[in-house]
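# Coordinate inspection notes
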Amino acid sequence: MRRYRFGRIAALVAVAYVAGVGVVVSADWITVAGVVVPVEPPHLMELGPWARWVLLPVAVLQGWALWQVLRGPVLGGAARVGWPGGAAGWLRVALYVSVAHTLLPHLWPPDDAEWPIWTGALVRLAVVGLYVPVLAVSLPRWVRLGTFVAGIAAVAADLGYGPAGTPIWLLWAVPVLVGQARDPRWSRGTVWTGAIFAAAWLLRPTSFAIRFPRELDPGLLFEVAVVALGALGAVWEARSAHELTRPPEAGPRPAGARPRMAEARSRPAGARPGAVRRPSFPRPLAAVAVALPLIPAAVNLAHGVPRAIGPGGAVADLLWISDRASLAWYALDLLLGVGAPALLVLAAVARRTRTAVRVAAVALLGCAALVAVSALTLPPARLGGTGPDLVLGEPPGPDPAALPPLWHAAAPTAAALLLLALQAGTPRRHTLLAATAAALALCFLPAADLAPGKITTAEDCARAPRTSERAYLCAIRVNATLDVAADTPDHVLLARGRRLCAVHTRQDPAELARLRSEEGVDPEGLPWVIDDICPSAHAVVVAAETAEKVEYEQSQAEERRKCDAAPRHRPLITLAKAVRVKEPQWPDGSLSLFEAVDDSFDPASQGVFAKALANGLVAGGHGHLVILTHSDAHACVALETYARRPPVETGGWEHVVEVGYDSPTGDLRLRDDLSGIVLPDLSLRGRPGHYRVRVHFAWLPWNGGRYGTQRLLVMAYPGDGDDVRTYRAPAP
């Protein structure tokens, strides 16, 4: 069991911290949450009863971090480097000061907020500069120089002399982690701690407000976890300082696992495991591995979509908490959409080392997993957008047609399996190749009932008559009688229609209920969807249409009887012409007369309809006349044209109004375009000019009811004057 210089003291401090939080959390949640969750200042609202189960794990993580920081280096073992021990010793001092600078302001917030910023910047500059000579054994000079420049830029950005909140810090941290992984002084646990902290820094919310609603919020838990992982930064620095007491070795530490015996025998002396190249991969198979990630990218780019997934999905929702994380996800989405994984496969094929192949395979499988999770959690209405949409929260527009996102998961997976097969060796390679081929067949080839087939389009439906199965398919394609995807093959729609026919034929209440709840199909409207391919549904539709036709004919016969029973008008002077409209009319609120003078003529500019509303019956103007009716009853209409003014008759009428009308063309046909009504011409032998139009209105009682049907008598004769004359007004 390993012993550490201050191990017992560190363990006591960590246990005391966790125990203290556990005791106080039940009494004063707000205070404890403000200390445990490292957010300045915490904004706490409506603490729910589950908040303690969030705070306690965070406190345990921080207690472990305290133990890691305070325990010091391992006692015993190999010889230790003296203090300060050159650049490594001074780096230890700078790292310890950086850890103290991180922890102390959190426990004892300073009164002046300026000096911690500047002192922290000086400490970070010292760490950045001292890592350059310390990592000389594991990183090339040009990499260390770039790391040094990136570290200075990150410190300057934190001080406000650059773009704050950008991933510049990662340009320093990632090479440092690579150098530590290749340096024998640092353990893998230290490297992984730094890597997790870097990922948490990338995901850290840009603006964060801790709140604990009364209901559990998975997104909030993710945010709290990301913020809590920030404690790993101090652990990484402390462990890096603890382990710098080890002496440097002549060469970098092997990066791979224990080599195989055959590879160890064939490896030159001093070579690292995993660095020995395999013989050249078969070119056709290597070309297939490189081309696989390019296939879905090419199809998407042909549709103008340079992205693999687009906005939406569980991964994008989780990463929405941070602008940095959203931009990183957007960049990864673009790289996958344009086929960048092919470059990773190409690099692995070119190097042919075990490490290169494994790194490429792990990266490809990781990207495939992220794409698969996102694709399976996308909303039904797929939304697209651009990079600024993700950051600024602007509403995105619809995504153009492209391959489903799962293709971008299947292609990298197949490429990774093929890479591993090529690198595995001769006997195992054939087995893995067979497994890869089977996986490709299962993943890329559609099932029998989902195989591509003919798709009837709206243009096909317009060219040929619709009968039987074609009528059913055209109703779905044109009228959307079923909610299906536009690219669903005809045979799938027919199979579903026959299944729905079987359900309708059985009339099982449980099946019909499941049809409504699980598929969103209304059982009452189902016969009109499948009647072209289902005899039982066709019988229901025919019966319903027959009953509706009989009801309509009975209604029309009833209306004709009403009009036949209406009193006939006997003119008092000679008529030029008279028309008694045989069929009852059903205008939708009004009858209009409109004669266009020219293309710029606007009848609405005269306000004729408003004038008709003023007297409640009729109004006229130049080329426009309106007669108001009731839209909930039929009308029996009679039209009369005179060569001179007829006597006024009000007996038997409830409302009589006369107005002037100026006819520019001599075509006086009353109409209602909504109802399709066009009445005979009222003009005097096509004479244009000024007319007087007198309208008589009354209700015809029927079966004891006062409002049986409407009666309209419209008289027209040549005459001057635009004044409105009301001869009888309805009783109030």
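Residue positions within a chain follow its written sequence, with the count starting from 1. Only residues with pLDDT of at least 70 are given local features in this predicted model, and only at 80 or more are side-chain atom pairs given and counted; all residues enter the totals for whole chains, interfaces and linings. Hydrogens and water are ignored here; the side-chain numbers use all heavy atoms of the structure.

### Remarks on the packing of aromatic side chains
The pairing test for Phe, Tyr and Trp rings, Trp by its six-membered ring, is centres within 6.5 Å, and the orientation test on the planes gives stacked under 30 degrees, edge-to-face over 60, and tilted for anything in between. Applying the stated criterion across every chain, the model contains 2 aromatic pairs. Here Tyr-131 and Trp-186 contribute two aromatic rings whose centre-to-centre distance is 6.3 Å and whose plane-to-plane angle is 40°, an arrangement assigned as tilted. Of this pair, Tyr-131 sits in helix α5 (residues 115-134) while Trp-186 is found in the loop between α7 (168-182) and α8 (188-203), placing the two residues 55 residues apart along the sequence. We call a residue buried when its accessible area falls under 20% of the maximum for its residue type, exposed when it is over 50%, and partly exposed in between, using a 1.4 Å probe and counting protein chains only. Given the relative accessible area of 0%, Trp-186 is considered buried. Note on Phe-697 and Trp-699: the rings are 5.8 Å apart at their centroids and 85° apart in plane angle, and the pair reads as edge-to-face. Of the two residues, Phe-697 and Trp-699, both sit in the buried class. Here, a charge over a ring means that NZ of Lys or CZ of Arg falls within 6 Å of the ring centre while also lying within 35 degrees of the ring normal. Lying across the ring of Tyr-691, Arg-687 places its NZ or CZ 5.2 Å from the centre. When the ring centre of Trp-653 is taken as origin, the NZ or CZ atom of Arg-711, which lies over that ring, is 4.3 Å away. In DSSP terms, a helix is any run of H or I states spanning at least four residues, a strand is any run of E spanning at least two, and both are numbered starting from the N terminus.

### Observations regarding the side chain of Arg-694
With respect to the helices and strands, the residue Arg-694 is situated in strand β9 (residues 689-702). Within the local environment of Arg-694, its side chain forms a polar contact with the backbone oxygen of Pro-647, the two atoms lying 2.9 Å apart. Polar contacts, as counted here, are pairs of nitrogen or oxygen atoms within 3.5 Å of one another; within protein the pair requires one atom able to donate a hydrogen and one able to accept it, and residues that are adjacent in sequence qualify only if both atoms are side-chain atoms.

### Quick look at the state of the cysteines
Any cysteine sulfur atom paired with another within 2.5 Å is treated as part of a disulfide. If you walk through the whole model with that rule in mind, you get 2 disulfides. The disulfide that involves Cys-501 links it to Cys-534, with 2.1 Å between the sulfurs. Disulfide Cys-501-Cys-534: torsion about the S-S bond near 75°, hence right-handed. Taken together, the residues Cys-501 in helix α23 (residues 490-506) and Cys-534 in the loop between α25 (527-530) and α26 (535-565) connect sequence positions 33 residues apart. Bridging Cys-563 to Cys-636, the disulfide has an S-S length of 2.0 Å. In this structure, the disulfide formed by Cys-563 and Cys-636 twists by about -90° around the S-S bond and is classed as left-handed. Separated by 73 residues along the polypeptide, Cys-563 in helix α26 and Cys-636 in strand β5 (residues 635-641) bring together distant segments of the chain. The exposure classification of Cys-563 matches that of Cys-636, with both residues buried.

### What to know about the packing of helix α22 (residues 468-479) against α23
Two elements in contact, α22 and α23, have axes whose closest approach is 11 Å; the angle formed by their N-to-C orientations is 105°. By the angle class used here, α22 and α23 are roughly perpendicular. Where α22 abuts α23, its residues Glu-469, Tyr-472, Leu-473, Ile-476 and Arg-477 lie against Asp-490, Leu-493, Leu-494, Arg-496, Gly-497 and Arg-498. Residue type decides the class: Asp, Glu, Lys and Arg count as charged, Ala, Val, Leu, Ile, Met, Phe, Trp, Tyr, Cys and Pro as nonpolar, and the leftover types, Gly among them, as polar. Of the residues assigned to the contact of α22 with α23, the class counts are 5 nonpolar, 1 polar and 5 charged. Every axis corresponds to a line fitted to the C-alpha atoms, with the helix fit spanning only the stretch in contact, and the corresponding angles, defined between N-to-C directions, vary from 0 to 180 degrees. Note that the term roughly parallel is reserved for angles under 35 degrees, roughly antiparallel for angles over 145, roughly perpendicular for angles of 65 to 115, and oblique for everything else. In what follows, residue pairs with any heavy atoms lying within 4.5 Å of each other are defined as contacts.

### Looking at the confidence of the model for the protein
Overall, the predicted model of the protein reaches an average pLDDT of 74, with 72% of residues at or above 70. Per residue, pLDDT captures the predictor's confidence, and it can take any value from 0 to 100. Helix α18 (residues 387-392) is the least confidently modelled element of the protein, averaging 34 in pLDDT, while strand β6 (residues 655-663) averages 92, the highest of any element. In this model residues 38-47 is a low-confidence stretch, pLDDT under 50, and it forms 26 contacts with partners more than four residues away in sequence or in other chains. Throughout residues 380-401 the model reports pLDDT below 50, and contacts reaching past four residues in sequence, or to other chains, amount to 38 contacts.

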